[in-house]
Amino acid sequence: MDESLISETLESASDGDTARKAARQVHTLRGLRGTPQGEIARIAAAVWRKDPPSLEDEGPLSRLFSTAWEDGIVAVGLLAALVPDGPGEAFDIAREWLGRIDDLMTADALGWLVLGPAFAASGADAERLDTFVAELRQRPHPAVRRAGVAMGLAFLPIPIQGPSAAPLRERLGEKALQFVAEPLSPLVHVIAHRFLRDEDPAVRKALRRLLREWVRADPAAVVHWESTVRGGLPKMLSAETKRAHRKAS
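Residues numbered from 1 in each chain as written. Predicted model: local features only at pLDDT ≥ 70, side-chain atom pairs only at ≥ 80, totals over all residues. Heavy atoms only, no water.

**Focus: the layout of surface pockets**
- Estimated volume of the largest pocket: approximately 460 Å³.
- Every residue lining the largest pocket is counted, 19 residues in all, and those nearest its centre are Leu-104, Met-105, Asp-108, Ala-109 and Arg-146.
- Looking at the lining of the largest pocket element by element, the count peaks at six residues for helix 7 (residues 104-121).
- Taken together, the residues of the lining of the largest pocket sort by class into eight nonpolar, six polar and five charged.
- If you add up the space inside the second largest pocket, you get close to 220 Å³.
- Residue lining of the second largest pocket: Met-1, Asp-2, Leu-5, Ile-6, Thr-9, Arg-42, Ile-43, Ala-46, Val-47, Lys-50 and Asp-51, and that is the complete set.
- Among the secondary structure elements, those contributing two or more residues to the lining of the second largest pocket are helix 1 (3-12) and helix 3 (37-50).
- Each residue belonging to the lining of the second largest pocket can be placed in one class, and the counts come to six nonpolar, one polar and four charged. (1 Å grid on protein atoms, 1.4 Å probe; cavity = no way out; pocket = protein on both sides within 12 Å on 5 of 7 lines; lining within 4 Å. Points joined across faces, edges and corners; volume = space filled by probe spheres on them. Helix = DSSP H or I, 4+ residues; strand = E, 2+ residues; numbered from the N terminus. Nonpolar A, V, L, I, M, F, W, Y, C, P; charged D, E, K, R; others polar.)

Rendered as structure tokens:
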């Protein structure tokens, strides 16, 4: 895998207007090239089709991840497509990348497309998940904690989204993909419990989304989870669980 060529291709597809628009939504120290998200997805899919990496390419993938924001999105997508080849190895790489994320979109992609499915595929249970997300809960940067919440999306039957999904779609030859057919509610329960009291707006917004998807997939499990919460739910979250009560009744 030639990470320099990937970066050059992303740069050639960039423009100033896209960079200025992206800067209003993405805040990262790695910088923005200004490549449209559709082009990022197209380039990521083309890399997988023409010159796919392997898990032995940890070095090039990590260098790509640490370059500009768009390069990192492609790197996450390529790593996501490698999860079936070695869930444990992919998880370890993504775990190391956690220390370098500083924006929410990368956090969502890393959690949903790599950490979550790699964890589930490795056969890990709720106890091990609790140990892992308890450690993430202590991280000071909200993007790292948001990645922990985003893991839960991989445990629910919802279609994957975003430009980072392109390499996995290319590998499997499917446009619509989801990681599970049925909700893994015990794992979602762990994540919801651990991040329930996080006060950061970005983390709380991600948890609200997770609860909304969980209500759609398994309202009875959401009702049970809420019954275990001491002190009640924040108003933003209780608005979601009210729907679970209506659906479960």
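**Remarks on the pattern of salt bridges**
- One pass over the structure, following the stated rule, counts 18 salt bridges.
- Taking the shortest distance from any N to any O, the salt bridge between Arg-49 and Glu-170 comes out at 3.2 Å. Within this pair, whereas Arg-49 is found in helix 3, its partner Glu-170 is found in helix 10 (residues 166-172), the two being separated by 121 residues in sequence.
- In this structure Glu-170 comes out as partly exposed when scored by relative accessible area, which is 29%.
- Members of the salt-bridge network, linked through shared partners, are Glu-11, Arg-33 and Asp-71. (Salt bridge = Lys/Arg side-chain N within 4 Å of Asp/Glu carboxyl O. Buried < 20%, exposed > 50% of the residue type's maximum accessible area, 1.4 Å probe, protein only.)

**Considering the packing of aromatic side chains**
- This model, assessed by the stated rule, comprises four aromatic pairs.
- A ring pair is formed by Phe-91 and Phe-119, whose centres lie 6.2 Å apart and whose planes are at 50°; its orientation type is tilted. Remark: Phe-119 occurs in helix 7 and Phe-91 occurs in helix 6 (residues 87-97); sequence separation between them is 28 residues.
- The rings of Phe-91, Phe-119 and Phe-132 are connected pair by pair, giving a single aromatic cluster.
- The ring of Phe-65 is capped by Arg-30, whose NZ or CZ atom sits 5.1 Å from the centre of that ring. (Phe/Tyr/Trp six-rings, centres within 6.5 Å; stacked < 30°, edge-to-face > 60°. Lys NZ or Arg CZ within 6 Å of the ring centre and 35° of its normal.)

**Considerations on the packing of helix 11 (residues 185-195) against helix 13 (residues 219-227)**
- It is the contact of helix 11 with helix 13, at a shortest axis distance of 10 Å, that shows an interaxial angle of 40°. Taken together, the axes of helix 11 and helix 13 lie oblique to each other. Crossing angle aside, the handedness with which helix 11 passes helix 13 is right-handed. For the pair helix 11 and helix 13, contact is made by Ser-185, His-189, Ala-192 and His-193 and by Ala-221, His-224 and Trp-225, respectively.
- Its residues assigned to classes, the contact of helix 11 with helix 13 comprises three nonpolar, four polar and no charged. (Axes fitted to C-alpha atoms, helices over the stretch in contact; angles between N-to-C directions. Parallel < 35°, antiparallel > 145°, perpendicular 65-115°, else oblique. Left-handed = near helix turned anticlockwise from the far one by under 90°. Contact = heavy atoms within 4.5 Å.)

**Some points on the environment of Phe-119**
- On the accessibility criterion, Phe-119 (5% relative accessible area) is buried.
- Sequence separation between Phe-119 and Ala-90 is 29 residues, and the spatial gap between their C-alpha atoms is 9.3 Å.
- With near-sequence residues (within four places) excluded, Phe-119 lies in contact with Phe-91, Val-114, Ala-124, Asp-125, Arg-128, Leu-129, Met-151, Phe-155 and Leu-187.

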